[in-house]
Amino acid sequence: MYNCGLMAGSVLLLLFSLYLIVTSNNKPQAVGGAYVSVSAIFMALIGIFHEGTSPHVFVSAYFFVQFFAGVLVYGLGRKERILRHSSILLFLQAIAGTLLPWPATALLETYEVALLMVFTLLVAFKPPNNILED
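Every chain begins its residue count from 1, and numbering advances along the sequence as written. Local features are withheld for residues below a pLDDT of 70 in this predicted model, meaning they are given only at 70 or higher, and side-chain atom pairs are given and counted only at 80 or more; totals for whole chains, interfaces and linings count all residues. Excluding hydrogens and water, the side-chain values take into account all heavy atoms of the structure.

A. Expanded view of the nonpolar core. With 23 residues, the main nonpolar core has Leu13, Phe63, Phe67 and Phe119 as its most contacted residues. Elements supplying a minimum of two residues to this core: helix H1 (2-22), helix H2 (27-48), helix H3 (56-77), helix H4 (81-99) and helix H5 (105-125). Strands here mean DSSP runs of E at least two residues long; helices mean DSSP runs of H or I at least four residues long; both are numbered from the N terminus. Examining the composition of this core, we find that seven residues originate from one element, H3, more than from any other. Setting aside anything within four residues of it in sequence, one finds Phe67 in contact with Leu13, Val36, Ser39, Leu116 and Phe119. Here, the term nonpolar core denotes a set of buried Ala, Val, Leu, Ile, Met, Phe, Trp, Tyr and Cys residues that are joined through side-chain atoms within 4.5 Å. Classification of residues uses two cut-offs on accessible area relative to the type maximum, computed with a 1.4 Å probe and protein chains only: under 20% is buried, over 50% is exposed, and between them is partly exposed. Contacts are assigned to residue pairs that have any heavy atoms within 4.5 Å of one another.

Given below as structure tokens:
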């Protein structure tokens, strides 16, 4: 059930990444959205290669690397200071999280998913200007 949820969630993440790309105002935003789209593929692969399989650690780590790279690049392309600064802060918090000792990997993953949720909420509540012009 969990792995199927990851694969279904990856479709939603792909749709979100397409939203980031389609509504982009410049190249950094489009590239950031593209990174997020690659992370959607790795999210699906996490569901396929569940814990205990040899590629799991790689696809899981790469999902987070791709998504947070997308957060940073997309945020740097936004003109609004709140989103630009928040993206940088979320990226730095993700790096800091990996340097801390966690009693279980699942707790680190939960922490990083919470950071990703903050990013998606920021984008949802502060849409790009070209969306408002249509």
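B. Spotlight on the environment of Val118. Along the chain, the position of Val118 falls in helix H5. We classify Val118 as partly exposed; its relative accessible area is 39%. Between the C-alpha atoms of Val118 and Ala61, which are 57 residues apart in sequence, the distance is 19 Å.

C. Just H4, in detail. With 19 residues, H4 ought to run about 27 Å at 1.5 Å a step, and its terminal C-alpha atoms sit 27 Å apart, in line with that. Residues of H4 that are buried include every one of Leu83, Ser86, Ser87, Leu90, Ala94 and Gly97, and no others. Here the buried residues of H4 occupy an arc of 105° about the axis, which is enough to place them on one side. What points out from H4, more than 90 degrees from its buried face, is the exposed set Arg81 and Leu99. The inward-facing, buried residues of H4 contact H3 and H5. One fewer than the residue count of a helix, multiplied by 1.5 Å, yields its expected span. Regarding the arc, it is the one traced by the directions from the helix axis to the C-beta atoms.

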